[in-house]
Amino acid sequence: MPLSRALILFSILGALSIAPGCAAQQEATSLLGRPLERPALDDETRATLEANLAEAKRDYDADTTDEEAIIWYGRRLAYLSRYNDAVAIFTKGLEHHPDSAKLLRHRGHRYITLRKFDLAEADLARAAELVKDRDDAIEPDGAPNAAGVPRSTLKTNIHYHLGLAHYLQGDFSDAAVSFARCANLSTNDDMLVAALNWW
C-alpha cells in the first residue's frame, strides 16, 4: 500500500483510537482485536463539543421526527466519539424517514468508524441509489475549515465513504468505481484529491 494511503487509512481507522481510558468508553474493536476507546479531549475542546451537542439535543427534543435535527444530533454525538450513540440516533431517525439518503449516508459513515464495513456498504449503496437521479447539494460542515466554506456534497460523501467501505473489505474493483464516481462529481480540488488518492 502506498505510504499516502497508509497514512490516510491510519487517520480514518486509528484516530478512534487505541487510547487509555475506562472500559465503559470502548466504542469498537480494532481490526487487530484491540479495544478502541474514546480519545481524551482537552477541556476547551470538550466544552465546545458538549455545548454544540446540548444545542443539537434541544433541537432534537423539540421534534424527534425532524430529519435535520436527527442528523445534527447524531453528528454532534459522533464528534464526541460517541459513535454507537450516533448510530442509534440515525437508526431511530430511519424509522421516521426510511428513504432518507442523508441518514443512510451518516449511519454508513459511522458504521465504517465502528469497523462494521458490511453494514456501511449496505447503507451507502442504498443512499447512492436513492440520490442517483437527484440534484446534488452542499453538505454543511460540523467542523468547518478555516475559510468556513463546505467542500463536500451529499453525493460525493456517499460515494467517497462507499469507496472506503469496499476498500476496507478488500473489494478494490468496486472501491475504484465508487472513488471514480466521487471524483467525477467533485467540484473542487479538495474532494477530487480525496477521491483520486484511493482510485
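Refer to the structure above for everything that follows.
A. Representation of the packing of helix H4 (residues 83–96) against helix H5 (residues 101–113). Between H4 and H5, the shortest axis-to-axis distance is 9 Å and the interhelical angle comes to 155°. In terms of orientation, H4 and H5 fall into the roughly antiparallel class. Classified by chirality, the crossing of H5 by H4 is left-handed. Counted together, Tyr83, Val87, Phe90, Thr91, Gly93 and Leu94 of H4 and Leu103, Leu104, His106, Arg107, Arg110, Tyr111 and Thr113 of H5 form the full contact between these two elements. In terms of residue class, the contact of H4 with H5 is built from seven nonpolar, four polar and two charged.

B. A look at the pattern of salt bridges. What the rule picks out here adds up to 10 salt bridges. Lys102 is the partner of Glu68 in a salt bridge, and the nearest nitrogen-oxygen pair spans 2.8 Å. Of this pair, Glu68 sits in helix H3 (residues 67–79) while Lys102 sits in helix H5, and the two are 34 residues apart along the sequence. Its relative accessible area of 33% is what places Glu68 among the partly exposed residues. In this structure, the salt-bridge partner of Lys132 is Glu129, at a minimum N-O distance of 2.9 Å.

C. Representation of unusual backbone geometry. Phi is positive for Ser81, close to 65°, though the residue is something other than glycine. Following the sequence through the fold, Ser81 ends up in the loop between H3 and H4. The phi dihedral of Arg115 falls on the positive side, at around 65°, and the residue is not glycine. Structurally, Arg115 can be placed in the loop between H5 and helix H6 (117–131).

D. Spotlight on the packing of aromatic side chains. In the structure shown here, the tally under the stated rule is five aromatic pairs. Where Tyr160 meets Phe179, the ring centres are 5.9 Å apart and the plane angle is 65°; that geometry is what we call edge-to-face. Separated by 19 residues along the polypeptide, Tyr160 in helix H7 (residues 154–167) and Phe179 in helix H8 (residues 172–185) bring together distant segments of the chain. Of the two residues examined, Tyr160 and Phe179, each falls in the buried class. With 4.8 Å between their ring centres and 75° between their planes, Tyr167 and Trp198 make a pair best called edge-to-face. Taken as a pair, Tyr167 in helix H7 and Trp198 in helix H9 (residues 189–198) lie far apart in primary sequence, 31 residues in all.

E. Fine view of the environment of Thr91. Along the polypeptide, Thr91 turns up in helix H4. A sequence separation of 17 residues divides Thr91 from Gly74, and the C-alpha atoms of the two residues are 9.8 Å apart. Here Thr91 is in contact with Arg107 and Tyr111, once residues within four sequence places are set aside.

Scoring rules and cut-offs
Residues numbered from 1 in each chain as written. Predicted model: local features only at pLDDT ≥ 70, side-chain atom pairs only at ≥ 80, totals over all residues. Heavy atoms only, no water. Axes fitted to C-alpha atoms, helices over the stretch in contact; angles between N-to-C directions. Helix = DSSP H or I, 4+ residues; strand = E, 2+ residues; numbered from the N terminus. Parallel < 35°, antiparallel > 145°, perpendicular 65-115°, else oblique. Left-handed = near helix turned anticlockwise from the far one by under 90°. Contact = heavy atoms within 4.5 Å. Nonpolar A, V, L, I, M, F, W, Y, C, P; charged D, E, K, R; others polar. Salt bridge = Lys/Arg side-chain N within 4 Å of Asp/Glu carboxyl O. Buried < 20%, exposed > 50% of the residue type's maximum accessible area, 1.4 Å probe, protein only. Phe/Tyr/Trp six-rings, centres within 6.5 Å; stacked < 30°, edge-to-face > 60°.

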